[in-house]
Amino acid sequence: STEGGRFIDVNPAMAQMLGYTDPATLVRMVERIDHLYAEPQDREDLLERLREQGEVTDFVTRLVGADGCLVWVSLSVRRTGQS
């Protein structure tokens, strides 16, 4: 996603894990990635660490699935343009 929260691409496994039939459906149904976070502050914490370090591994948080159930995930992300 962009830092502003718009999706760039969605992994098919992530879409399935959250209960969406495919990535396009997730993107269509969830306008902003921050709407997926059960705790909005987790997204802010992830972005802060990403700005400071350029890469974050094993960031554990809960996301809201298509049916409203919470799903524990471990995220690894990096800024684009980082080697």
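Note that the coordinates shown come from a computational prediction; the quantities given were computed from them, not determined experimentally.

A. The arrangement of the pattern of salt bridges in detail. Applying the stated criterion to the full structure yields one salt bridge. Of the charged contacts in the structure, one is a salt bridge between R62 and E39, with a shortest N-O distance of 3.3 Å. One end of the pair, R62, is in strand β1 (residues 55-64); the other, E39, is in the loop between α2 (23-29) and α3 (40-53), and 23 residues separate them in sequence.

B. Region of the structure containing the pairing of β1. When β1 meets strand β2 (residues 70-78), the two strands line up antiparallel, connected through eight bridges. Considered in β2, the bridge of F59 is made with L75. Hairpin geometry of β1 and β2 is characterised by an intervening segment of five residues between the two adjacent antiparallel strands and by a positive phi of about 90° at G68.

C. Fine view of the nonpolar core. Ranked by internal contacts, the top residues of the largest apolar core, which has 17 residues, are L18, L26 and L36. Residue assignment for this core shows that the elements contributing at least two residues are α3, β1 and β2.

D. Quick peek at the environment of T57. As for its position among the elements, T57 is in strand β1. T57 sits 17 residues away from S74 along the chain, and the two C-alpha atoms are 8.0 Å apart. Beyond its immediate sequence surroundings of up to four residues, T57 is in contact with R49, L75 and S76.

E. Here's a closer look at the environment of S76. Following the sequence through the fold, S76 ends up in strand β2. Here the alpha-carbon distance between S76 and E55, two residues 21 residues apart in the chain, equals 7.6 Å. Engagement of the side chain of S76 in a polar contact is seen with the backbone nitrogen of D58, the distance being 3.2 Å.

F. Looking closely at the environment of M17. Tracing the backbone through its elements, the reader meets M17 in helix α1 (residues 12-17). Residues contacting M17, with those up to four places away along its chain left out, are V71 and V73.

G. Focus on a negative patch on the surface. Where like charges cluster on the molecular surface, the negative patch consists of E44, D45, E48 and E52. Here E48 is to be found in helix α3. The class for E48 is partly exposed, based on a relative accessible area of 42%.

Reading the values: the criteria
Along each chain, numbering runs from 1 in the same order as the chain's sequence is written. Selection of residues for local features in this predicted model requires a pLDDT of at least 70, selection of side-chain atom pairs for listing and counting requires 80 or more, and totals for whole chains, interfaces and linings are taken over all residues. Side-chain numbers come from the whole structure's heavy atoms, not from hydrogens or water. Here a salt bridge means any side-chain nitrogen of Lys or Arg lying within 4 Å of a carboxyl oxygen belonging to Asp or Glu. Numbered from the N terminus, helices here are DSSP runs of H or I no shorter than four residues, and strands are runs of E no shorter than two. Here, any two strands with at least 2 DSSP bridges between them count as paired. Side-chain atoms within 4.5 Å are what join buried Ala, Val, Leu, Ile, Met, Phe, Trp, Tyr and Cys residues into a set we call a nonpolar core. Exposure is judged per residue with a 1.4 Å probe applied to protein chains only, and the accessible area is read against the type maximum: over 50% gives exposed, under 20% gives buried, and values in between give partly exposed. Note on contacts: a residue pair qualifies if any of its non-hydrogen atoms lie within 4.5 Å across the two residues. Throughout this description, a polar contact denotes any pair of N or O atoms lying within 3.5 Å of each other; where both atoms belong to protein, one of them has to be capable of donating a hydrogen while the other can accept it, and for residues adjacent in sequence the pair is counted only when both atoms sit in side chains. The patches reported here contain residues having more than 30% relative accessible area and no salt bridge. Joining distances are 9 Å for like charges and 5 Å for nonpolar side chains (Val, Leu, Ile, Met, Phe, Trp, Tyr). Using a 1.4 Å probe, accessible areas were evaluated by the Shrake-Rupley method; residue-level cover was limited to the displayed protein chains. Neither His nor the chain termini are counted; the positive set is Lys and Arg, and the negative set is Asp and Glu. To locate a charge, take atom NZ for lysine, CZ for arginine, CG for aspartate or CD for glutamate.

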